[in-house]
Amino acid sequence: MLTAPELLEFLPQTDCGQCGMTCADFAGLLLARDLSPADCPVLHEPEYAGFIEALEELLATAPAAGRGMAIDPARCIGCGICVAMCEHHLAQVPEARAGRGPGLGDRVIFRVVNGQVVVVNQELCVRLLQAAEKCSKCAEHCPTEAITLR
Amino acid sequence: MPGPWESHICPGCACLCDDLDLVEADGGLQAHNVCAWGSAKFLGSKKFHPGQPRRRLTAPFVRRRGRREEVSPEAALAQAAELLARARRPVVFGLTACGSRAQEAALAVARHLRARLEPADLNLMAPYYQALLTAEIHHASLEVLRDEADTVLYWGANPLHSCPRHLTRYTVFARGRFTERGVEDRRLAAVDLHRTELARFCQVFVRVAPGADLELIRAVQGVLSGASRATVTGAVRLAEFLRHGEVGVIFAGRGLAVGAEALARFAALGDLIRVLRPARRFFLLPLASDFNSAGLYHLLLTRLGSPWAPDFGEGDPPVFRSQPVRWEEVDALLVTGADLFWLLPEETRRDLTRRQVPVVAVGPWEDRTVARAAVALPAALEGIEVEEVAYRQDGIPVCLRPVLPPPAPAAHQVLTQLLEISS
Ligand code: SF4
Ligand code: SF4
Ligand code: SF4
Ligand code: SF4
């Protein structure tokens, strides 16, 4: 599970305050998906080239702590029911609506890769955009209870 | 490795999903939209155990005094031909998890050896096709069912384990033409020995005692036709469930294939559907799981005119056997497209070993049959490393395409060479 100290490793750790807080607090808000790596102006300096990308990658592969979803890979069988049932996909991804797998270019919240669900755009989740009680369709329909929403 | 390949067909199970996107990642293949079952085939891992690698059979071998000796393909073929030629009651077994060309080659080998050809899922699929030939059972494509079926019953089948994307793509969650709201426009029921994961989506879930399926099918029919009152638990609930459908489908799984009553059960399901039919459209399909099971029966029906196991022991045309093979009579085996020693009960395995029945195995994996084989010949993965043809669960033929270089010849080539060397 991704933690704030791991994210802190990729921040300047100078506590310069340009973002209005300390680096550690900034890391905490990154983890909660309240800020994104590009919000740190210092990271845009040439000296930190690649750091923003590294942070984004870390955040993309790890489920959001506190909010968002966690998938238990030991349980997931890749049936794709969650992909078809997702409220966001229903409106935005016609392939998933029809029960088919989304295309490589489709902007999905999660997709099945190598037999397992991976989260790719957590921030699109209705729970994060609106309110947690608005949706829990993916977790409700997972036959193996592999999805935990927080 | 070029690519990416979009809309690739998965050779993982009889759904033959056609929406896989394959891209290169870290020097290997990354498969999008494939379930854990199919992924195991692409990544060479154990089914549902993604971390555990599944070993490939890499070189031909013959066994001498219990030891495996790697030999040339020619030497292995010669030894295989000799062992099979010596046998009085050879059996060609499996063929459900291999392509149509391989099946055709295997049928030619069986004919030449005067052997019996035994499909791995004879007890499930043959009764179904027999019922299709004799009773008025209607058949529909998975797309028609996706678009129209509002009532789905799985009997003796858990698709989440045999065809993991069945519910998603076709029967429950997919939104089709007249099922626009997907799961909300459909009702689901299941009958099984144990409560399965399916239960959470079911309006009706009936647990049936082992061997009691036939009685239950007849009881449901009795309730529907008003002929009898239910005496079997679950019959009324199932009858009500079916009665309220407009377009329905019953998927029959391995649970109905156990024992000697399989044909009677399919006939009874045919009767049940007949009672439902005047006012509704109802279909019956077997839930085949091996990726080209339907192709094998297509071959048997078009070439020989019967779905039962053809036995060339008494000449050609063959005698058709509806009873599963009696293993105690078998004295040589050619196995391809199934892991026989994984399917057999322990007792039978021991008997075959004790009698030193020679086994010739042709296939891509180091499976239990290869572990017991007197001769083994590696084959490429169909639909991943070589081209093949396969028939989807509902009988639709598709062309499987290769994306990786083959480390071994295709199974149909190996079998054709075996035939040539034997003739
Ligand atoms: S702006 Fe960046 S460097 Fe400055 S305190 Fe915030 S996180 Fe640290
Ligand atoms: S909670 Fe709703 S919107 Fe968010 S991923 Fe699950 S189904 Fe999609
Ligand atoms: S529904 Fe559950 S088991 Fe199926 S793909 Fe989603 S997380 Fe995995
Ligand atoms: S359901 Fe079958 S065909 Fe579809 S991806 Fe899974 S194994 Fe492959």
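Residues numbered from 1 in each chain as written. Chains lettered and ligands numbered in written order. Predicted model: local features only at pLDDT ≥ 70, side-chain atom pairs only at ≥ 80, totals over all residues. Heavy atoms only, no water.

**Quick notes on the site of ligand 1**
Moving on, step 1. The full set close to ligand 1 counts 13 residues, and C16(A), G17(A), C19(A), C23(A) and C40(A) are the nearest of them.
Moving on, step 2. Of the residues in the shell around ligand 1, the class split is nine nonpolar, three polar and one charged. (Near = heavy atom within 4 Å. Nonpolar A, V, L, I, M, F, W, Y, C, P; charged D, E, K, R; others polar.)

**Side note on the interface of chain A and chain B**
Moving on, step 1. On the chain B side, the residues contacting the 29 residues of chain A number 33 residues.
Moving on, step 2. Regarding the contact of chain A and chain B, the summed buried area is about 2,500 Å², with carbon and sulfur atoms giving 52% of it.
Moving on, step 3. Counting the surface chain A buries against chain B, the share from its top three residues, I77(A), L104(A) and N114(A), is 24%.
Moving on, step 4. Joining chain A to chain B, the criterion identifies two salt bridges.
Moving on, step 5. Note that D18(B) and R100(A) form a salt bridge whose closest N and O atoms lie 3.3 Å from each other. (Contact = heavy atoms within 4.5 Å. Buried area = accessible area lost by both parts, 1.4 Å probe. Salt bridge = Lys/Arg side-chain N within 4 Å of Asp/Glu carboxyl O.)

**As for the domain arrangement of chain B**
Residue and element names in this part refer to chain B.
Moving on, step 1. When its domains are assigned, chain B resolves into domain 1 (5-42), domain 2 (61-121 + 291-422) and domain 3 (124-286).
Moving on, step 2. Taken together, the contacts link 14 residues of domain 1 with 16 residues of domain 2.
Moving on, step 3. Both sides together, the interface formed by domain 1 and domain 2 hides about 1,200 Å², and carbon and sulfur atoms give 74% of it.
Moving on, step 4. When the buried surface of domain 1 facing domain 2 is broken down by residue, A14, L16 and K41 rank first, second and third, together holding 42% of it.
Moving on, step 5. In this assembly, domain 1 and domain 2 are joined by zero salt bridges.
Moving on, step 6. The interface formed by domain 1 and domain 2 holds two residue pairs in polar contact (both at pLDDT 80 or more) in total.
Moving on, step 7. Ranked by residue count, the leading element in the side of domain 1 that touches domain 2 is helix 1 (residues 36-43), at three residues. (Domains from an automatic or database assignment. Polar contact = N/O pair within 3.5 Å; in protein donor to acceptor, adjacent residues only side chain to side chain. Helix = DSSP H or I, 4+ residues; strand = E, 2+ residues; numbered from the N terminus.)

**Brief notes about the packing of aromatic side chains**
All names here are of chain B.
Moving on, step 1. Considering all chains together, one arrives at eight aromatic pairs over all chains under this definition.
Moving on, step 2. Centre to centre, the rings of Y129 and Y297 are 5.5 Å apart; their planes meet at 15°, and the pair counts as stacked. You can see Y129 sitting in helix 4 (residues 122-134) and its partner Y297 sitting in helix 11 (residues 293-304), a full 168 residues away along the chain.
Moving on, step 3. What links up through ring pairs into an aromatic cluster is the set Y128, Y129, F266 and Y297.
Moving on, step 4. The residue whose ring lies beneath R56 is W365, and the NZ or CZ to ring-centre distance is 5.5 Å.
Moving on, step 5. Geometry around F205 places R195 over its ring, the cationic atom sitting 5.8 Å from the centre. (Phe/Tyr/Trp six-rings, centres within 6.5 Å; stacked < 30°, edge-to-face > 60°. Lys NZ or Arg CZ within 6 Å of the ring centre and 35° of its normal.)

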